[in-house]
Amino acid sequence: MVVLENYLPAERLPGTGGRGQGGSVKVAKYGRGTDYHRALKARLELLAAWLCEQGATIAHPWTDSGPVPERELAQRAGLGWIGKNTMLIRPGSGSFCFIGTVFTDLPLEPSPAADLDRCGSCTRCLDGCPTEAFVEPRVLDATRCISYLTIESGLPIPDSLADRLEGWAFGCDICNDICPWNVRFAEPSGRPEYQDRGAIGSDDPDFFEQMTPAEFAARFGDTPLERSGLPGMRRNWRAAFRSRRSGHRWAGGARA
Ligand code: B12
Ligand code: SF4
Ligand code: SF4
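Everything in this summary refers to the structure shown in the same document. (Residues numbered from 1 in each chain as written. Chains lettered and ligands numbered in written order. Predicted model: local features only at pLDDT ≥ 70, side-chain atom pairs only at ≥ 80, totals over all residues. Heavy atoms only, no water.)

Here's the deal with the side chain of Thr 223
- As for its position among the elements, Thr 223 is in the loop between α8 (213-220) and α9 (229-246).
- In this structure the side chain of Thr 223 is engaged in a polar contact, spanning 2.9 Å, whose partner is the backbone oxygen of Phe 220.
- Among residues more than four places away in sequence, those in contact with Thr 223 are Gly 33, Thr 34, Asp 35 and Arg 197. (Helix = DSSP H or I, 4+ residues; strand = E, 2+ residues; numbered from the N terminus. Polar contact = N/O pair within 3.5 Å; in protein donor to acceptor, adjacent residues only side chain to side chain. Contact = heavy atoms within 4.5 Å.)

Below you can see the structure in the form of structure tokens.
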């Protein structure tokens, strides 16, 4: 079983200044509330328990935590198509959604795969990426993606890319914000876990420098920022501020 869960925080919609929080350093939308690995996993466990009540002997939930090709499975389950920005896009609601799966042995009627590609001739995401991370449509060089550089990589951000962060300090939403399917259809999530907690209430360049590990754990221990950790967020925060001062604005193509 494959499910999508909307995570768009209510306070700002794409296309209405949604490319970050005003003039401040930016944290990706999915990073501003509770870690979805906890929130969505808890709901998937309820679904798994229900499948067991229906007779399943196997019902194992996954979300972003195992060797599961989640976008491919979502496409095969008929939930949408994989856009040129490599995101699963659901017609009529966009791509600000997480993907969850439950692997089960309960015999279920398969839903038809989504045989669609509604990107057409659009190239907004490819043109809009400030680090030119797309090698071609649907092919991402992850090592150039701001999301990788600020979340997954434990290394310093290479100088050649650091001045292109455009203020992003954790993840990046540009290729989602810019997508017409989000601009037109994305609605805020009703889930309280994904709303902006306001834990980063400050546009202070020393915000993380001054923080102790205990304070970081108390504020961000159950949020996605925990993955970068305090040293990672210090690195990101400094780089994001520097990139704002560099004034880099990608001129490679059309932008929202
Ligand atoms: C690695 C990873 C990243 C990397 C690389 C992303 C990439 N585009 O490759 C980085 C760190 C850059 C990243 C960034 C982000 N990510 Co990420 N990421 C993942 C992760 C953990 C694994 C993806 C992967 O490489 N899988 C292995 C490949 C082989 O499988 P695949 O994903 O299905 O894709 C391939 C197959 O479909 C294959 N294929 C085609 N035909 C067939 C046939 C068969 C039989 C098979 C098996 C495969 C196959 O072609 C596809 C392309 O190569 C997934 C979670 C997951 N487990 O899927 C989240 C996931 C893709 N990320 C997600 C999100 C939200 C993001 C960000 C938006 C976060 C942010 N705001 O910063 C950004 C977006 C950047 C972007 N444009 O991609 C969501 C996407 C939700 C959606 N609606 O699509 C996921 C699904 C997590 C989740 N559970 O919700 N991410
Ligand atoms: S998330 Fe940002 S850096 Fe990564 S591919 Fe999309 S626009 Fe480029
Ligand atoms: S911005 Fe355009 S090309 Fe990119 S995923 Fe959205 S519709 Fe497809």
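Description of the site of ligand 1
- With respect to spatial proximity, 32 residues lie near ligand 1, and among them Val 68, Glu 70, Arg 71, Leu 88 and Ser 147 are the closest.
- Note that a nitrogen atom of ligand 1 is positioned 2.9 Å from one of the side-chain N or O atoms of Thr 86.
- At the level of secondary structure, the elements contributing two or more residues to the shell around ligand 1 comprise α2 (70-76), β6 (97-104), α4 (146-152) and α6 (174-177).
- Looking at which element gives the most residues to the shell around ligand 1, the answer is α2, with four residues.
- Taken together, the residues of the shell around ligand 1 sort by class into 17 nonpolar, eight polar and seven charged. (Near = heavy atom within 4 Å. Nonpolar A, V, L, I, M, F, W, Y, C, P; charged D, E, K, R; others polar.)

Structural notes on the nonpolar core
- Judged by nonpolar contacts, the single largest core of 35 residues is most densely connected at Tyr 30, Phe 208, Phe 216, Phe 220, Leu 225 and Trp 237.
- Looking at this core, the elements that each hand over two or more residues are α1 (36-53), β6, β9 (168-170), α8 and α9.
- Among the elements that make up this core, the one with the highest residue count is α1 (six residues).
- Other than its neighbours up to four places away in sequence, Phe 216 contacts Phe 208, Met 211, Gly 221, Leu 225, Glu 226, Gly 229, Leu 230 and Met 233.
- Core analysis: the next-biggest nonpolar cluster, separate from the first, contains 18 residues, Phe 134, Ala 162, Trp 168 and Ala 239 among them. (Core = buried A, V, L, I, M, F, W, Y, C linked by side-chain atoms within 4.5 Å. Buried < 20%, exposed > 50% of the residue type's maximum accessible area, 1.4 Å probe, protein only.)

Here we look at the packing of aromatic side chains
- Tallied over the entire structure, the rule returns 17 aromatic pairs.
- Members of the aromatic cluster, each reached through a chain of ring pairs, are Tyr 7, Tyr 30, Tyr 36, Phe 96, Phe 98, Phe 170 and Tyr 194. (Phe/Tyr/Trp six-rings, centres within 6.5 Å; stacked < 30°, edge-to-face > 60°.)

Describing the pattern of salt bridges
- Tallied over the entire structure, the rule returns twelve salt bridges.
- For the salt bridge of Arg 43 with Glu 193, the shortest nitrogen-to-oxygen distance reads 2.9 Å. One end of the pair, Arg 43, is in helix α1; the other, Glu 193, is in the loop between α7 (180-185) and α8, and 150 residues separate them in sequence.
- Here Arg 43 falls in the partly exposed class, since its relative accessible area comes to 22%.
- According to the relative accessible area criterion, Glu 193 is partly exposed, its value standing at 21%.
- When the shortest N-O distance is used, the salt bridge between Glu 132 and Arg 164 registers 2.8 Å. Separated by 32 residues along the polypeptide, Glu 132 in the loop between α3 (124-128) and β7 (134-136) and Arg 164 in the loop between α5 (159-162) and β9 bring together distant segments of the chain. (Salt bridge = Lys/Arg side-chain N within 4 Å of Asp/Glu carboxyl O.)

Keep in mind these numbers describe shape, not what the thing actually does.
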